[in-house]
Amino acid sequence: MNEEASQREQEEYAQFEAEQEELREIACAKYEDYKPLLDEMIKHSLDIGQIDMYELLIENKEKLEKLMRDSEWQEAITFMDKLLEG
């Protein structure tokens, strides 16, 4: 690989890493806002005996935690946005 191609590849990788860091920051901030709401919704569903809703919320929480653990920042952001819309 020639020097120009190598330099371009390094620049593209640095840009990718910067974009991933920005997405990580957004996802983490949204998660910090969303997690207490989700925990409250889970507690409330148990309080009123809505087992189906409880199970759905637990599934959502587990999926979101997996996305965050796996560094799937864009997917986590999209998932939280969809949950908050619905």
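Residues numbered from 1 in each chain as written. Predicted model: local features only at pLDDT ≥ 70, side-chain atom pairs only at ≥ 80, totals over all residues. Heavy atoms only, no water.

**Student:** Honestly, a negative patch on the surface in this entry has me stumped. Any pointers?
**Tutor:** On the surface, a cluster of negative charge is made up of Asp52, Glu55, Glu59 and Glu62. Relative to the assigned elements, Asp52 resides in helix α2 (residues 51–69). (Patch = residues over 30% accessible without salt bridge, like charges linked within 9 Å, V, L, I, M, F, W, Y side chains within 5 Å. Areas by Shrake-Rupley, 256 points an atom, 1.4 Å probe, with all protein chains shown as cover. Salt bridge = Lys/Arg side-chain N within 4 Å of Asp/Glu carboxyl O. Lys, Arg positive; Asp, Glu negative; His and termini not counted. Charge placed at Lys NZ, Arg CZ, Asp CG, Glu CD. Helix = DSSP H or I, 4+ residues; strand = E, 2+ residues; numbered from the N terminus.)

**Student:** Mind showing me how you'd approach the nonpolar core here?
**Tutor:** Generally speaking, nonpolar side chains in soluble globular proteins are found buried as a group. Among the nonpolar cores identified, the biggest contains 15 residues, and Leu64, Met68, Ala76 and Met80 are the most heavily contacted of them. Within the residue set of this core, elements represented by two or more residues are α1 (3–47), α2 and α3 (73–85). In terms of residue count, the dominant contributor to this core is α1 (six residues). (Core = buried A, V, L, I, M, F, W, Y, C linked by side-chain atoms within 4.5 Å. Buried < 20%, exposed > 50% of the residue type's maximum accessible area, 1.4 Å probe, protein only.)

**Student:** Whenever I open this one, the packing of α1 against α2 confuses me. Can you help?
**Tutor:** Where α1 meets α2, the axes come as close as 9 Å, and the angle between the chain directions of the two elements is 160°. Considered as vectors, α1 and α2 are oriented roughly antiparallel to each other. At the point where α1 passes α2, the crossing takes the left-handed sense. Along its contact with α1, which presents Ala27, Cys28, Tyr31, Tyr34, Lys35, Leu38, Asp39, Met41, Ile42, Ser45 and Leu46, the element α2 presents Ile51, Met53, Tyr54, Leu57, Ile58, Lys61, Leu64, Glu65 and Met68. Here the residues of the contact of α1 with α2 sort into 15 nonpolar, one polar and four charged. (Axes fitted to C-alpha atoms, helices over the stretch in contact; angles between N-to-C directions. Parallel < 35°, antiparallel > 145°, perpendicular 65-115°, else oblique. Left-handed = near helix turned anticlockwise from the far one by under 90°. Contact = heavy atoms within 4.5 Å. Nonpolar A, V, L, I, M, F, W, Y, C, P; charged D, E, K, R; others polar.)

Function cannot be inferred from these measures alone, as they are strictly geometric.
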